[in-house]
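Structural characterization, general
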Amino acid sequence: MRLMSIEIPPIWDQVAGRCLTENLRRILVLGAADRGKSTLCRFLVSRFSQEGAQAVLVDADVGQKDVGPPATVTRGYLQSPSDPYSLMLDGLYFIGAVTPVRHLLPMVVGTRDVVDSAGDAFVVVNTTGFIEGVGYALKSYKIEALRPDLLIAVDPNHETASIAASYPQYRWVRLPPSARVVAKSRAMRREARQRAFAAYFAGRPKIELDLQTVAFQRNPAFVRSLTSSRQTSPPPAGRHLLCGLCDATGRCLGLGTLDALDRRARVLSFVTPVSGPEVRIVQSGDLYISPDGEELGRTR
Ligand SMILES: Nc1ncnc2c1ncn2[C@@H]1O[C@H](COP(=O)(O)OP(=O)(O)OP(=O)(O)O)[C@@H](O)[C@H]1O
Ligand SMILES: [Mg+2]
């Protein structure tokens, strides 16, 4: 059992027990990068599930995902309650970028959406390591949007002190990081994202969408570039653009990368694991991803 390889400080058990006895169902975990946030979140979901509670992880770290592909806010449950690594994807909101910078609105709206659709389960929300500058704003609005029952700051150096000071009306717990935390370099983070995108898109078929049967969301410049008379697609509708593909109700089914635009036939094709007939909405993202998962650049 992989839980054995995780160091579980006694305070983690105490916090989990408190959540269960005090019925603290919405838990937001904050902290800088490399603090052990993901490990703590998985532990909490595992402990709640083992106690027989319905529990889910909401993964709002768009860059270093624990469940689902990068550039999304996702929800997952444990297939096996005792295995914190057995997360199964069961909800997804498309962000279209691997950093929240310049995407604060979808980050807040998406996290709220994925949390709300979890019903009254215990929801543990993991976040990116951005806590200063734009990160302070993001975390502030997330707190206001989610109204968590408990905020957990994994915070050895008081990095989250200014956020905690701004929201004194909430319950806060401050935890030290585990001594076993292993830090990741920027290059390691980028490689992890590339592997995750590659695994998501590898060997996936192409689907074709009739331009007249789908709606387009998120970027008006994308819609304009679809109707441009130029033969080569101007950005942002260029090849490999990462998009979210949704059903008629707006539920995101998964990601696709734009493969080709045939204006004469009015057909748009995507490489994606999503089945074509269900797709009714295309949400354009801010990132180009090669078939082997490499980040090729941004639209803006
Ligand atoms: N309690 C722990 N016991 C054993 N190893 C741990 C523990 N916490 C963290 N680690 C190790 O440190 C690594 C980084 O931890 P983790 O991914 O949880 O941090 P994070 O704060 O979520 O990082 P990021 O900034 O990428 O989101 C883990 O892959 C794991 O190897
Ligand atoms: Mg993490």
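Each remark here, short or long, concerns the structure printed above.
My aim in this report is to walk through the structure given alongside it, one point at a time. (Residues numbered from 1 in each chain as written. Chains lettered and ligands numbered in written order. Predicted model: local features only at pLDDT ≥ 70, side-chain atom pairs only at ≥ 80, totals over all residues. Heavy atoms only, no water.)

1. Remarks on the packing of helix 3 (residues 104-116) against helix 4 (residues 134-146)
When two helices pack together, their arrangement is given by the angle between the helix axes and by the axis-to-axis distance. Packing of helix 3 against helix 4 leaves a shortest axis separation of 10 Å and a crossing angle of 30°. Considering the angle they form, helix 3 stands roughly parallel to helix 4. Crossing of helix 3 over helix 4 shows right-handed handedness. Contacts from Leu 104, Met 107, Val 108, Thr 111, Arg 112 and Val 115 in helix 3 reach Val 134, Leu 138, Tyr 141, Lys 142, Ala 145 and Leu 146 in helix 4. Broken down by class, the residue content of the contact of helix 3 with helix 4 amounts to nine nonpolar, one polar and two charged. (Axes fitted to C-alpha atoms, helices over the stretch in contact; angles between N-to-C directions. Helix = DSSP H or I, 4+ residues; strand = E, 2+ residues; numbered from the N terminus. Parallel < 35°, antiparallel > 145°, perpendicular 65-115°, else oblique. Left-handed = near helix turned anticlockwise from the far one by under 90°. Contact = heavy atoms within 4.5 Å. Nonpolar A, V, L, I, M, F, W, Y, C, P; charged D, E, K, R; others polar.)

2. Points about the pattern of salt bridges
Throughout the structure, instances matching the rule amount to 16 salt bridges. Between Arg 190 and Glu 295 there is a salt bridge, with the nearest N and O atoms lying 3.8 Å from each other. Of the two residues, Arg 190 is situated in helix 6 (residues 186-201) and Glu 295 in strand 14 (residues 295-298); the sequence distance between them amounts to 105 residues. Residue classification places Glu 295 among the buried positions, given a relative accessible area of 12%. A salt bridge links Lys 206 to Asp 259, with the nearest nitrogen and oxygen atoms 3.5 Å apart. Linking Lys 206 in strand 8 (residues 206-210) with Asp 259 in strand 11 (residues 252-262), this pair joins segments that are 53 residues apart in sequence. In this structure Lys 206 comes out as exposed when scored by relative accessible area, which is 53%. Three or more residues are tied together by salt bridges with common partners; here these are Arg 26, Arg 112 and Asp 116. (Salt bridge = Lys/Arg side-chain N within 4 Å of Asp/Glu carboxyl O. Buried < 20%, exposed > 50% of the residue type's maximum accessible area, 1.4 Å probe, protein only.)

3. Quick look at the site of ligand 1
In the vicinity of ligand 1, 19 residues are found, and the nearest of them are Glu 7, Lys 37, Ser 38, Thr 39 and Val 182. Asp 61 has a polar side-chain atom sitting 3.3 Å from an oxygen atom of ligand 1. Notes on ligand 1: free accessible area 620 Å², of which the protein chains cover 85%. Broken down by element, the residue count for the shell around ligand 1 peaks at three residues, all from helix 2 (residues 37-50). The residue makeup of the shell around ligand 1, split by class, is five nonpolar, six polar and eight charged. (Near = heavy atom within 4 Å. Polar contact = N/O pair within 3.5 Å; in protein donor to acceptor, adjacent residues only side chain to side chain. Areas by Shrake-Rupley, 256 points an atom, 1.4 Å probe, with all protein chains shown as cover.)

4. So, empty space enclosed by the protein
A full pass over the atoms with the stated rule returns one cavity of 30 Å³ or more. Quantified by volume, the largest cavity comes out at close to 30 Å³. Forming the boundary of the largest cavity are Arg 26, Ile 27, Leu 28, Val 115, Val 123, Val 125, Leu 146 and Pro 148. Looking at which element gives the most residues to the lining of the largest cavity, the answer is strand 1 (residues 26-30), with three residues. (1 Å grid on protein atoms, 1.4 Å probe; cavity = no way out; pocket = protein on both sides within 12 Å on 5 of 7 lines; lining within 4 Å. Points joined across faces, edges and corners; volume = space filled by probe spheres on them.)

5. Some words on a nonpolar patch on the surface
Judged by side-chain polarity, Val 101, Phe 130 and Val 134 come together as a nonpolar surface patch covering roughly 200 Å² of accessible area. Looking at the element boundaries, Phe 130 is found in the loop between strand 5 (122-126) and helix 4. Classification of Phe 130 as partly exposed rests on a relative accessible area of 35%. (Patch = residues over 30% accessible without salt bridge, like charges linked within 9 Å, V, L, I, M, F, W, Y side chains within 5 Å.)

6. Examining the nonpolar core
Counting 27 residues, the largest nonpolar core has Leu 40, Phe 48 and Ile 152 as its most contacted members. Within the residue set of this core, elements represented by two or more residues are helix 1 (10-21), strand 1, helix 2, strand 2 (55-59), strand 5, strand 6 (150-154) and strand 7 (172-175). Of all the elements, helix 2 adds the most residues to this core, at six residues. Discounting residues that sit within four places of it in the chain, Leu 40 has contacts with Trp 12, Val 29, Ile 152, Val 154 and Leu 175. Listed in part, the 26 residues of the second largest apolar core include Ala 60, Val 62, Tyr 93 and Val 115. (Core = buried A, V, L, I, M, F, W, Y, C linked by side-chain atoms within 4.5 Å.)

7. With respect to the layout of surface pockets
One number sums up the size of the largest pocket: a volume of about 1200 Å³. Together, 44 residues line the largest pocket, and Asp 34, Asp 61, Gln 64, Lys 184 and Arg 189 are the ones closest to its centre. Elements that contribute at least two residues to the lining of the largest pocket include exactly helix 2, helix 6, strand 13 (281-289) and strand 14. Take the lining of the largest pocket: its biggest share by element is five residues, from helix 6. A breakdown of the residues in the lining of the largest pocket according to their chemical character gives 14 nonpolar, twelve polar and 18 charged. Counting only domains with at least three residues in the lining of the largest pocket, you end up with domain 1 (2-183) and domain 2 (199-298). The calculated volume of the second largest pocket comes to roughly 300 Å³. Breaking the lining of the second largest pocket down by element, the ones donating at least two residues are strand 4 (87-94), helix 3 and strand 11. Counting residues per element, the lining of the second largest pocket draws most heavily on strand 4, at six residues. (Domains from an automatic or database assignment.)

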